[in-house]
Amino acid sequence: MAGLLAAAALSRAEPALQVHLLDQDELPQDPANRRGVPQGRHAHLLMAGGLSAMESLLPVSVRDRLLKAGAHEVAFGNGMLALTPDSGWFHRWRRDGPHMITCTRALLEWVLRQALLECHPDISIHQATVDGLLGDAQRVRGVRISGAADPRLGPELEADLVVDASGRGSGSLKWLHDIGITGIEERNIDSGLTNATRIYRIPAGAESFPLTLVQANPYNGRPGRSAMVLPIEGNRWMVSAGGTRGGEPPADPEGFLEYTLNLPHPIVGHLIRGAEALTDVVVSRGRSTSNGRRYFEKSVRWPERFVTLGDALATFNPAYGQGMSVAALGAQVLARELRGGLTSPGLSRRVLRGAARHVDMAWSTAVAMDVLYPGVAGGEPAFTDRLAAWYTRRLTRAATGSFDAAAALWDVTGLTAPPARVLRPKVVLAALNGPALSPTFEPPLRPSEREVLDRLEKSGAQPGASGASRPR
Ligand SMILES: Cc1cc2nc3c(=O)[nH]c(=O)nc-3n(C[C@H](O)[C@H](O)[C@H](O)COP(=O)(O)OP(=O)(O)OC[C@H]3O[C@@H](n4cnc5c(N)ncnc54)[C@H](O)[C@@H]3O)c2cc1C
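Scoring rules and cut-offs
Residues numbered from 1 in each chain as written. Predicted model: local features only at pLDDT ≥ 70, side-chain atom pairs only at ≥ 80, totals over all residues. Heavy atoms only, no water. Helix = DSSP H or I, 4+ residues; strand = E, 2+ residues; numbered from the N terminus. Phe/Tyr/Trp six-rings, centres within 6.5 Å; stacked < 30°, edge-to-face > 60°. Lys NZ or Arg CZ within 6 Å of the ring centre and 35° of its normal. Pairing = 2+ DSSP bridges. Axes fitted to C-alpha atoms, helices over the stretch in contact; angles between N-to-C directions. Contact = heavy atoms within 4.5 Å. Expected span 1.5 Å × (residues − 1). Buried < 20%, exposed > 50% of the residue type's maximum accessible area, 1.4 Å probe, protein only. Arc of directions from axis to C-beta. Near = heavy atom within 4 Å. Polar contact = N/O pair within 3.5 Å; in protein donor to acceptor, adjacent residues only side chain to side chain. Areas by Shrake-Rupley, 256 points an atom, 1.4 Å probe, with all protein chains shown as cover. Nonpolar A, V, L, I, M, F, W, Y, C, P; charged D, E, K, R; others polar. Left-handed = near helix turned anticlockwise from the far one by under 90°. Patch = residues over 30% accessible without salt bridge, like charges linked within 9 Å, V, L, I, M, F, W, Y side chains within 5 Å. Salt bridge = Lys/Arg side-chain N within 4 Å of Asp/Glu carboxyl O. Lys, Arg positive; Asp, Glu negative; His and termini not counted. Charge placed at Lys NZ, Arg CZ, Asp CG, Glu CD.

1. Some words on unusual backbone geometry
Right, so step 1: The amide bond that connects Glu14 to the next residue, Pro15, takes the cis arrangement and shows omega of -10 degrees.
Right, so step 2: Of note, Pro15 is situated in the loop between α1 (2-11) and β1 (20-23).
Right, so step 3: In this structure, Asn235 is a non-glycine residue whose phi angle is positive, near 55 degrees.
Right, so step 4: Relative to the assigned elements, Asn235 resides in the loop between β14 (225-232) and β15 (236-243).
Right, so step 5: If you check the backbone angles, Arg305 has positive phi at about 70 degrees while not being a glycine.
Right, so step 6: With respect to the helices and strands, Arg305 occurs in the loop between β17 (291-294) and β18 (306-308).

2. Re the packing of aromatic side chains
Right, so step 1: Taken as a whole, this structure holds four aromatic pairs when the rule is applied.
Right, so step 2: Ring geometry for Phe403 versus Trp410: centroids 5.6 Å apart, planes at 80 degrees, classification edge-to-face.
Right, so step 3: Linked through ring pairs, Trp93, Phe403 and Trp410 together constitute an aromatic cluster.
Right, so step 4: When the ring centre of Trp363 is taken as origin, the NZ or CZ atom of Arg293, which lies over that ring, is 5.8 Å away.
Right, so step 5: The side chain of Lys298 reaches across the aromatic face of Tyr295, ending 4.4 Å from its centre.

3. Section: the sheet that holds strand β2 (residues 44-46)
Right, so step 1: With antiparallel pairing, three strands are arranged side by side in an open sheet as β2-β5-β3. Of all strands in the sheet, those with a lone pairing partner are β2 and β3 (72-75), marking the two edges. Strand-to-strand, the axes of this sheet are offset by a mean angle of 35 degrees, without reference to chain direction.
Right, so step 2: Sheet topology places β3 next to strand β5 (residues 99-103); four bridges connect them, and they run antiparallel. Each residue of the ladder has a partner; that of Ala75, found in β5, is His99.
Right, so step 3: Sheet strands touched by helix α2 (residues 48-57): β2 and β5. Its angle to β2, the strand with the most contacts, is close to 65 degrees.

4. Digging into the sheet that holds strand β13 (residues 211-214)
Through backbone hydrogen bonds, the strands of a sheet pair up, either in parallel or in antiparallel fashion.
Right, so step 1: Read from one edge of the open sheet, six strands run β4-β13-β14-β15-β12-β16, paired in mixed fashion. Two strands close off the open sheet at either side, each with one partner strand: β4 (80-83) and β16 (282-283).
Right, so step 2: In terms of strand pairing, β13 meets β14 through three bridges, oriented antiparallel. The residue bridging Thr212 from the neighbouring strand is Val229, located in β14.

5. Observations concerning the pairing of strand β7 (residues 129-135)
Right, so step 1: With six bridges connecting them, β7 and strand β8 (residues 140-146) associate as antiparallel partners. Considered in β8, the bridge of Gly135 is made with Val140.
Right, so step 2: Remark: four residues form the turn of the hairpin made by β7 and β8, two consecutive strands paired antiparallel.

6. Some remarks on helix α13 (residues 447-461)
Right, so step 1: Spanning 15 residues, α13 covers 21 Å between terminal C-alpha atoms, matching the ideal 21 Å at 1.5 Å per step.
Right, so step 2: Residues Glu449, Val452, Leu453, Leu456 and Gly460 constitute the buried set of α13. End-on view of α13: buried residues confined to an arc of 95 degrees, all on one side of the axis. Facing away from the buried side of α13, by more than 90 degrees, are the exposed residues Pro447, Glu451, Lys458 and Ala461.
Right, so step 3: Tucked inside the fold, the buried residues of α13 contact β15 and α7 (267-272).

7. Description of the site of the ligand
Right, so step 1: Lining the immediate surroundings of the ligand are 31 residues, of which Asp23, His44, Leu45, Arg105 and Asp311 lie closest.
Right, so step 2: One of the backbone nitrogen or oxygen atoms of Leu45 is found 2.7 Å away from an oxygen atom of the ligand.
Right, so step 3: Between an oxygen atom of the ligand and a side-chain N or O atom of Asp311, the distance comes to 2.7 Å.
Right, so step 4: Protein contact buries 93% of the 1,000 Å² of open area that the ligand shows by itself.
Right, so step 5: For the shell around the ligand, the per-class residue count stands at eleven nonpolar, 15 polar and five charged.

8. As for the packing of α2 against helix α8 (residues 323-338)
Right, so step 1: Look at α2 against α8: their axes get within 8 Å of each other, and the N-to-C directions meet at 35 degrees. As α2 runs across α8, the sense of the crossing is left-handed. On α8, the residues touching Gly49, Gly50, Ala53, Met54, Ser56 and Leu57 of α2 are Ser325, Ala328, Leu329, Ala331, Gln332 and Ala335.
Right, so step 2: Residues that form the contact of α2 with α8 fall into these classes: seven nonpolar, five polar and no charged.

9. Some words on a positive patch on the surface
Right, so step 1: Taken together, Arg12, Arg336, Arg339, Arg353 and Arg357 make up a surface patch of like positive charges.
Right, so step 2: When you line up the elements, Arg12 lands in the loop between α1 and β1.

Below is the structure:
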């Protein structure tokens, strides 16, 4: 994601640059999962802030292309059902909030890659693995590669600028160490979140049922447990359950269904119990969901002509749906800084600092909540985390029945406004006053949606109709 968008940013530079995109994987011709992006099998929400950054980098409408390919557009304001951690369901306002895009991660990547290559046919994509940097602590001059599919690519590829967009497993700390840059500060906060995901065919009549989310509760000292039903292309639901350490969802179909039924509200289980499963349950592994940050922007020494973007710079607990958007916002910073010229001194540092500001936005939301879960590794809640959590809890409670509070929460979650948006006087007042409407503990369904849910609940409860069955 970061690599495609960085390539889009570089392709707009003047004078024109020759852009090479290296990926260890052979990239598929169709929207398909691949080895290098294991997280692609899990739910991926694209926030409005990320979409708008993508649209600014490409001269075509990414939104229109995604929708044409079957993606859905969901409004925060009234397009979703969401149960808050401890304050009942969000009200569904008539007025919309920012929109997010829902589809598979594979479709998103494919649409972006097609758009990129169509707009910039001279970009070359190579299958090759990057093993290190050429150059020294003053200036990076290219990369060392192996496993190139094209024999014309030697073991070294010289470049005027190198962008590391190799994701969560990036080797950049070692690569930098090898050219003499050491002592990069790091922070890792791991709530032990495990995601379990399964795809279903949307039952007939439920095609317009809203995105449904039961949020995890970070405030009760117990492991977080959550689940979401997400409409994706191809008339399918992607259903993702997530549990922090001690509350992990299981991989077996019966256990998966049971998990969703035992959440504070069983709605997700009721929706899927009678639905036809199209895949097995896929479970995320290891530390693939931790918050991890490399403070490159604070390093005393930094080489010219080398930047890192996307997950290579920072990763976030995916429950907040921010990683791809932060990658896009980082690529937008690169595009902006390139206007001053590729050779302008300090370019790399300015890009890192600008990208880090977007990382800060997502990091503060994710970490303030994650440090509250039991068994979290790498972080005790600091006073500021507790303060942020206290305020977020109040604001969320207010947002269940105050439009001002809800709109502020959507803007920050959708990355269309900085965190300071929630500190505007009107919003603070709403948070302190609490919700104007009384909390609802049953989902705010429209009559037609209530009918659909009742029908699915009844048909799913019949013997032999269990959505726990193996895919046919
Ligand atoms: C379970 C889960 C759910 C998520 N849900 C969301 C969500 O809802 N919304 C959201 O915005 N984000 C979500 N994310 C985060 C999102 O997946 C990442 O933030 C995003 O993919 C980052 O993009 P990237 O390009 O930096 O890294 P990646 O997308 O991981 O891409 C890295 C690329 O680098 C290649 N590569 C790696 N090493 C090398 C090498 N040495 N040489 C050559 N190529 C290499 C890989 O093959 C891959 O193509 C989720 C993450 C997880 C784990």
